[in-house]
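Each chain, letter by letter, is given below.
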Amino acid sequence: MPTTLSVIAIAAGCFTACPAPASSATLDTAVSAESRSLSEIIGRERRHQQQSVALYGAKNTVESAIWTLFAEHGQPGWDGDGAEALEMAAAHQAIALIRTLPDSLSLPEVGVDPDGSVMLDWIASRHRSLTLSVDASGIIPFAWIDNGDRGHGVVRFDGMGFPKALIRLIADLTGNNDAAIRAA
Amino acid sequence: MLPSGLPEIVGDDEQVASFLTSSSHFNATLVKAGAFVPNSKNGEKSVCRHGAEPRAELQRLASVYLKQIQAHGAGVVGADVVKGIGLSVESHEPPERHANLQGWVWSAADPKMGKAENLERAKRLAEKATLVRW
């Protein structure tokens, strides 16, 4: 049976602010200013990401994947059907969320939503998975399927703690039930 | 009859393909929900009335639809599956064989919950979809 959840999880933390716009240095190249600006932003984010390796370990690979995604979908219309560009603020929010994920839980696969959000997928199998769509708002829609059972809902994330309702779902779907008990 | 020769009404026995324009919309074995999430501007998901085979024809249609944008493949699902989760498949040519998945939830009062419900529907489509790569 489908289930609907509406969960409020409050937290504070190390939410990373959006970087300032890149400077528009004038270089004599055939690369457009817009592309150069995007490259500068991505380069800066990658350097920041490399500095955080010691702090976030394996989660850094997910952060790297998000910036790769940003590089590939940083312009609108990437789907040929009017998709929004992936928003930098959404990328930051997704990274902040991942950093609060309990270490004992599996890391997600990352994707892009046509509305400019970052999608995070925990996929145990074709029939068991959870998907979040993260934008800058701090209100995260999610949905899951589990061998015929299914549901959807929203959780609130303000940068401090990974939403407990999602911890339980991820643990159930991926078999990390000990993690859910520890995080509760 | 439509210019493509297909009937205007999409039959339950037809298949529809969502072209995969992002490598993040599939992995080694399956299609992800992102491949079926509707456009936030028009509330529809654009698809092609074609199955996994013949592959070359599906690939040709992808180039017609997407022009300069390269598709990695397609997620193919039955029209009966689409209709079974409360969506409709409406033919919409040109381009040839084009259709839209309609009936998604759009709530001005609670857009995030509407988005969550649409995610669930996209996941149900992805669950039944066949991954076609080229």
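The text that follows walks through the structure, step by step, so that each part is easy to find. None of the values given here were measured: they were computed from a predicted structure. (Residues numbered from 1 in each chain as written. Chains lettered and ligands numbered in written order. Predicted model: local features only at pLDDT ≥ 70, side-chain atom pairs only at ≥ 80, totals over all residues.)

**Observations regarding the overall build of chain A**
Across its full length, chain A carries 6 helices and 6 strands. Burial analysis of chain A (184 residues in total) assigns 35% to the buried set. Of all intrachain contacts in chain A linking residues separated by at least 6 positions in sequence, the fraction that spans at least 24 positions is 57%. (Helix = DSSP H or I, 4+ residues; strand = E, 2+ residues; numbered from the N terminus. Buried ≥ 20, exposed ≤ 12 C-beta atoms within 10 Å, placed from the backbone. Contact = placed C-beta atoms within 7 Å.)

**Notes on the overall build of chain B**
Counting its secondary structure elements, chain B contains 3 helices and 6 strands. Once the C-alpha set of chain B is aligned to its principal axes, its extents read approximately 45 × 35 × 25 Å. Across the 134 residues in chain B, those meeting the buried criterion constitute 46%. Taking as baseline every contact in chain B between residues at least 6 positions apart, the subset at least 24 positions apart corresponds to 71%.

**Some points on the packing of helix α3 (residues 59–72) of chain A against helix α4 (residues 88–99) of chain A**
Think of two packed helices as two axes; the pair is described by the angle between the axes and how far apart they sit. All names here are of chain A. Interaxial distance between α3 and α4 falls to 10 Å at its minimum, and their mutual angle equals 170°. By the angle class used here, α3 and α4 are roughly antiparallel. Taking contact as the criterion, the partners of Lys59, Val62, Glu63, Ile66, Trp67 and Phe70 in α3 are, on α4, Met88, Ala91, Ala94, Ile95, Ile98 and Arg99. Grouping the amino acids of the contact of α3 with α4 by side-chain chemistry returns 9 nonpolar, no polar and 3 charged. (Axes fitted to C-alpha atoms, helices over the stretch in contact; angles between N-to-C directions. Parallel < 35°, antiparallel > 145°, perpendicular 65-115°, else oblique. Nonpolar A, V, L, I, M, F, W, Y, C, P; charged D, E, K, R; others polar.)

**Quick look at the interface of chain B and chain A**
If you look at the interface, chain B gives 28 residues, while chain A gives 32 residues. The set of elements that each furnish at least two residues to the side of chain B that touches chain A consists of α1 (55–66) and α3 (111–128) of chain B.

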